[in-house]
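Secondary and tertiary structure notes
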Amino acid sequence: MDDDRFRLLVQGVLDYAIFMLDPEGHVMSWNAGAERIKGYAADEIIGRHFSVFYPAEDVAAGKPARELEIAVADGRLEDEGWRLRQDGSRFWANVVITALYDEQGELRGFGKVTRDVTERRAAEAALRESEERFRLLVQSVQDYAIFMLDTGGHIASWNTGAERIKGYAADEIIGRHFSVFYPAEDVAAGKPARELEIAVADGRLEDEGWRLRQDGSRFWANVVITALYDEHGRLHGFGKVTRDMTERRNAEQALRERRRLVGHLVEAQEVERRRIAWDVHDESIQSMVAVGMRLQLLAARLPDPHASAVSGLDESVSAAIARLRGLVSRLRPPELDRHGLVEAVSAYVDDVAGRWGLAHSVRDELTAEPSPEAAITVYRICQEALSNVHRHAQATRIAVRLSTVDNGTLVRITDDGAGTAGGDAGEGHFGLAEMHERAEAAHGWLSVDSTPGEGTVVEFWLPLLPDVPELEP
Ligand SMILES: Nc1ncnc2c1ncn2[C@@H]1O[C@H](COP(=O)(O)OP(=O)(O)O)[C@@H](O)[C@H]1O
Ligand SMILES: [Mg+2]
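Since we're looking at a predicted model, the values are computed, not measured.

Cut-offs applied
- Residues numbered from 1 in each chain as written.
- Chains lettered and ligands numbered in written order.
- Predicted model: local features only at pLDDT ≥ 70, side-chain atom pairs only at ≥ 80, totals over all residues.
- Heavy atoms only, no water.
- Helix = DSSP H or I, 4+ residues; strand = E, 2+ residues; numbered from the N terminus.
- Near = heavy atom within 4 Å.
- Polar contact = N/O pair within 3.5 Å; in protein donor to acceptor, adjacent residues only side chain to side chain.
- Salt bridge = Lys/Arg side-chain N within 4 Å of Asp/Glu carboxyl O.
- Buried < 20%, exposed > 50% of the residue type's maximum accessible area, 1.4 Å probe, protein only.
- Pairing = 2+ DSSP bridges.

Attention shifts here to unusual backbone geometry. Of note, the bond from aspartate 304 into proline 305 is cis; its omega dihedral lies within 30 degrees of zero at 0°. The phi angle at asparagine 407 is positive, at roughly 60°, despite the residue not being glycine. Residue placement: asparagine 407 occurs in the loop between strand 10 (397–405) and strand 11 (408–415). For histidine 443, which is not glycine, the phi torsion reads 65° and is therefore positive. Here histidine 443 shows up in the loop between helix 16 (431–441) and strand 12 (445–451).

The following block contains the structure:
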């Protein structure tokens, strides 16, 4: 390329200020980029000393002259720093000064290339600041142990939560292998290494299990390990987030145990009721029926007034038999076995609401029959809810709706009474509590929604399958 064309090229460059200084530092040439970046037109700046581009403090410190000296000594100098525009404003400059020699080895001056990198610098500063803020955030998190492992599994960073949960201070643990957190049997089984392998293969691994604190005690941990890659796609290490789930696990176990117990109690209660119902039915009722028949025979043979006295006795016995039959069917509703849940609930509602003088309705929207266990639970909760309406609500009507929702049976019992259910009824009131427990023992839920003056809605749901398997950790 000949000199003229080269000169034209340099002249036209907009992104870089490219110009020459004489050996003393006076500006000898100027290009479009220099005018754009620094603001001076060529005729305003050529011949002036290049120290006008430097802030006063740099000039006072002799920086412009020193930069030329270094360029002479080393052939070249690179610098980043504040420079001035013609209007006095500052920009962050990347500057390269090159010493220029002629064929005789005589210093002819300097070439100077300046870039305005203010935006890049601001972006870098913003990035640094946000990284710093993020680091501080991670550092101060208390509830999670958040730390990094290098590719070999050695701890590379530590936060407050890690110290709180695991007991180690940062300087006690950084550099050590993360297998110290695993119980001996897991280490022997190669679990730590395997977890890193899975994290590499799948990008991420989640695990729950026992981990060790510094003092050797165990805690139940939820662990997520994430493989971290740099911008070239090379494995950079691992991020590890650990939560101490010991309390939650204990609470879950206590709850499971409680449900199991309630479940047993409810079952034992049903068995006992059924046994009593059979006893009453097979023995008491049968023998009273026999007594009744004897009394009738006797009455037929006796003269009055003895005959009418015996007939009176027979009526009393019949009434007692009817009451016992009622008792039997409350203990073990025969419709439940014979005709299914809706029939049993309908018969019960017709019976009691009729007796209590309440308008009533039972709506059947079931599309699947619940299991016998669930049916019993539905029936018992309905019994309890209805007895509450009778005793507390002063309602005029009651509505029961059964439907199949979410693979379960949803039951809604609505009254238009006082609406005073819910809250803490205090000592000796177990009805609502027992309804909740029955529903939960069957792996369902129950809610009571009372609006004073408008009434109460008791709603509960039980899964169709009685035994949803729970994952034992
Ligand atoms: N359907 C209802 N309407 C109005 N109040 C109710 C209703 N159900 C329950 N309650 C109120 O909630 C309290 C607690 O009910 P419960 O736990 O069944 O105990 P108990 O029936 O033995 O009082 C009742 O004492 C009553 O004040
Ligand atoms: Mg009650």
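Around ligand 1 sit 15 residues in total, of which Asn388, His392, Thr420, His429 and Leu432 are the nearest. A distance of 2.8 Å separates an oxygen atom of ligand 1 from a polar atom in the side chain of histidine 392. Contact between ligand 1 and threonine 420: a nitrogen atom at 2.9 Å from a side-chain N or O atom of the residue. With 6 residues, the top contributor of residues to the shell around ligand 1 is helix 15 (residues 372–393).

To continue, consider the pattern of salt bridges. Counted by the stated rule, this structure contains 33 salt bridges. Here glutamate 129 makes a salt bridge to arginine 133, at a shortest N to O gap of 3.1 Å. Note that glutamate 129 and arginine 133 are positioned in helix 6 (residues 118–140) at a spacing of 4 residues, about one turn of the helix. Taking the relative accessible area as the measure of exposure, glutamate 129 reaches 47% and is therefore partly exposed. Classification of arginine 133 as exposed rests on a relative accessible area of 52%. We note a salt bridge from arginine 401 to glutamate 365, for which the minimum N-O separation is 3.9 Å.

Burial analysis of strand 11 places 6 of its 8 residues in the buried class, the great majority of the element. Linkage of strand 10 to strand 11, two consecutive antiparallel strands, is achieved through a turn of 2 residues, within which aspartate 406 is found at a positive phi near 50°.

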